[in-house]
Amino acid sequence: MSITEIERQWTTRLRKRVEGKLPPEKLLPDTQPAYVSSWIYVFGVATLAALIVVIGTGVILAIRGPLWWHQSFIGHFVNSLHLWSVEIFFFSMIVHLWGKFFMGAWRGGRTFTWMTGVVTFIASIVTGLTGYVSQTNFDSQWISTQAKDGINATGGGAFFNVLNFGQMLMWHIVILPIAAVLLTALHVLMVRVKGVVPPYEDEAKVA
Amino acid sequence: MSKKAFRPDVDAPEYKGGYSPYDIIKEGTIAIVIVAMLTLILAVFFGSPDEKAITVKSWSNADPIDFAQTALEELNGTSGTAGYGAPYNHAAVGQQLGPLTLGKWVGVHIPINTVKDFIVSPLQSQPAIPGLQPALSQWTSASASTQNGWVADYTKAATKMTWSNGQVVVNATNSGPVPVMINDLTQMARSGALDQALITGSGYYTTDYTKPLLFLADSEYFGTLADKQHLTGSQWGMMNETGQYPGQAWLWLYTFWYQIPPFNTSANADVLIWGMMMLLTALLLLVPVIPGLRAIPRKTKVYRLIWREHYSNHE
Amino acid sequence: MSLLGSIINLDGYGHYLHWHFILVSVGNLVVVSLMVVTFVAALLLPFPGKSRRKENR
């Protein structure tokens, strides 16, 4: 094989593209701009950490199945861990959103980063809904019979049936976690590629 | 060659300042440990709610009259499910978003016939019960207009329904087999057999609770339980949890619209509010490209708090 | 200890605050208030390492 032939390979071209956009020192940096010096910056990583705990506790619940938590003390405790990590997840994500909004974090070519964040937010809400209707208790009975009206009114109810426990559970533990993880990964990688948004120009100085 | 004008809400200034050491892996690890510990503390202190599921059995035993009345509504077509429309049946046009009837356009994909699915088929699955088989034969061999006549007669008399000696008592004179059907269905419900009949529609295994849940949701009993827990639509229910637990506070804006006019009295509330929320979500998504909206951070100057160290160093 | 086993029992009917058409549970109010307090605190609290950042300029 000649050099040009190797260079034209899909693998080579993909690798060079990724290396160009995200070299190792950008993916795992050891410095950050000095302006990253506020507690508001911890809520992104806090959200990510909460997501990891949510998934971890969810995996434990999956090991013994969806009825385990009604029958076992440990199962109920793991369910509590799952619930509170979800509360922490949404708490952190929304404080992160407020912070990013007031920083105008979409500036400097970071529109896609902002958008992946919003889509991840929406995906998280849908994941939460499918979780709530999978509880196999009164709460899930009520939430599903109510939510169906909103979804049916859009036509979506013909395909996404919140009263169908099997379907909802599979969306909750397979389809949506994969989507949430992919979206989160994309969002985090975008931050690595573009860097943290610089401060607004000091208008006092510019004037 | 002119340089493109700098747009302060779109472009970011080039950063020429200093950098500090940053341990991203350590930060991530610390975050996971702290969040895990916080989760543990919250779970140990507060636990999580688990209100037991309602069954058709528990409902019909707690309130047999409400069960019998709901069964009658399924039979005479006045229940929520019977008159719902898409995706369950063609009984109604469904909600409208302006000229759009989205549910109707998509069509009936989860067909439910409340007379057949909630009343007749479950009764037909019962073993020989004295009086039931003749009643069912009478029903199935009658014309639709005869059936309607019986049901109308029973409905009128059922306003004075009572529960006596474990039986539904209605003083109906011209209702054919309907009194037996309603009473026997109530007994079937109280025994737990109706729960089973409603869900095993498609074989031995099922994970689809559409039918029993729709039947339950048509009752007064279910709504009353929810009302006690502040879970109904007009109680901001969407964001609430049973007991005193925090719920889904992030749904506040979605449930807000149901509390105010014109939505709180509109038959199209669900689709209107969905449309509204889609619009607001689109606005949130498109903040970076919406002038005015994207200028709010710069105008409100909250950023001066966040980057105060940077500004004091560079002044 | 019951199956729930939590130290503070949040079962039973909740406490709600009612003002005109606003009806909010104490639980949710606590969470949202904490979010606002956390946000404001994050903006105001000094961030450690200031002298280190000055050194590296």
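Residues numbered from 1 in each chain as written. Chains lettered and ligands numbered in written order. Predicted model: local features only at pLDDT ≥ 70, side-chain atom pairs only at ≥ 80, totals over all residues.

(A) Spatial organisation of the overall build of chain B. Along chain B, the regular secondary structure elements total 16 helices and three strands. On C-alpha atoms alone, chain B measures out to a radius of gyration of 29 Å, which is more than a quarter above the 20 Å that the 2.2 N^0.38 rule sets for 315 residues. Overall, the C-alpha framework of chain B stretches about 95 × 50 × 35 Å when taken along its three principal axes. Classification of the 315 residues of chain B by burial places 37% in the buried group. Considering only contacts within chain B whose residues lie at least 6 apart along the sequence, 52% involve residues at least 24 apart. (Helix = DSSP H or I, 4+ residues; strand = E, 2+ residues; numbered from the N terminus. Rg over C-alpha atoms; globule rule 2.2 N^0.38 Å. Buried ≥ 20, exposed ≤ 12 C-beta atoms within 10 Å, placed from the backbone. Contact = placed C-beta atoms within 7 Å.)

(B) Layout of the pairing of strand 1 (residues 16-19) of chain C. Residues and elements named next belong to chain C. Direction of pairing for strand 1 relative to strand 2 (residues 22-25): antiparallel, over a ladder of four bridges. For Y16, the partnering residue across the bridge sits in strand 2 and is S25. The turn linking strand 1 back onto strand 2 is made up of two residues, and H20 within it adopts a positive phi angle of 50 degrees. (Pairing = 2+ DSSP bridges.)

(C) Here's a closer look at the interface of chain A and chain B. Facing the 73 residues of chain A at the interface are 81 residues of chain B. Only strand 1 (31-33), helix 4 (42-64), helix 6 (73-102), helix 7 (111-132), helix 8 (138-153) and helix 9 (165-194) of chain A provide two or more residues apiece to the side of chain A that touches chain B. Here the side of chain A that touches chain B gets 14 residues from one element, more than from any other, and that element is helix 6 of chain A. A per-class count over the side of chain A that touches chain B returns 38 nonpolar, 27 polar and eight charged. Bridging between strand 1 of chain A and strand 1 (residues 19-21) of chain B involves three bridges; their strand directions are antiparallel. (Nonpolar A, V, L, I, M, F, W, Y, C, P; charged D, E, K, R; others polar.)

(D) Highlighting the confidence of the model for chain A. Scored by pLDDT, chain A comes out at a mean of 95, with 98% of its residues at no less than 70. Per-element confidence in chain A ranges from a low mean pLDDT of 63 for helix 10 (residues 203-206) of chain A to a high of 98 for helix 4 of chain A. (pLDDT = per-residue confidence, 0-100.)

(E) Region of the structure containing the domain arrangement of chain B. Residues and elements named next belong to chain B. Looking at chain B, the domain boundaries give domain 1 (1-22 + 242-315) and domain 2 (56-224). Each of domain 1 and domain 2 was reduced to a C-alpha centroid, and the two centroids are 48 Å apart. Across the contact, six residues belong to domain 1 and four residues belong to domain 2. Per-class residue counts for the side of domain 1 that touches domain 2 are three nonpolar, two polar and one charged. (Domains from an automatic or database assignment.)

(F) Expanded view of the interface of chain B and chain C. Contacts between the two partners involve 29 residues from chain B, matched on the other side by 30 residues from chain C. The element that contributes the greatest number of residues to the side of chain B that touches chain C is helix 1 (residues 24-46) of chain B, accounting for three residues. Grouping the constituent residues of the side of chain B that touches chain C by class yields 14 nonpolar, 12 polar and three charged.

(G) Spotlight on unusual backbone geometry. Residue and element names in this part refer to chain B. In this structure, P87 follows A86 across a cis peptide bond, with omega equal to 0 degrees. With respect to the element layout, P87 can be found in the loop between helix 3 (64-76) and helix 4 (102-106). Here the amide bond leading from P261 into P262 is cis, since omega sits at -5 degrees, within 30 degrees of zero. Summarising the element assignment, P262 is placed in the loop between helix 12 (252-256) and helix 13 (269-285).

(H) Here's a closer look at helix 1 (residues 26-44) of chain C. Taking 1.5 Å per residue as the helical rise, helix 1 of chain C with its 19 residues ought to reach 27 Å, and the 27 Å between its terminal C-alpha atoms agrees with that figure. Buried residues of helix 1 of chain C: G27(C), N28(C), F39(C) and A42(C), and no others. For helix 1 of chain C, the buried positions fall inside an angular range of 110 degrees around the axis, keeping them on one side. Residues of helix 1 of chain C that are exposed and angled more than 90 degrees away from the buried face: S33(C), V36(C), V37(C), V40(C), A41(C) and L44(C). In this structure, the buried residues of helix 1 of chain C make contact with helix 6 of chain A together with strand 2 of chain C. (Expected span 1.5 Å × (residues − 1). Arc of directions from axis to C-beta.)

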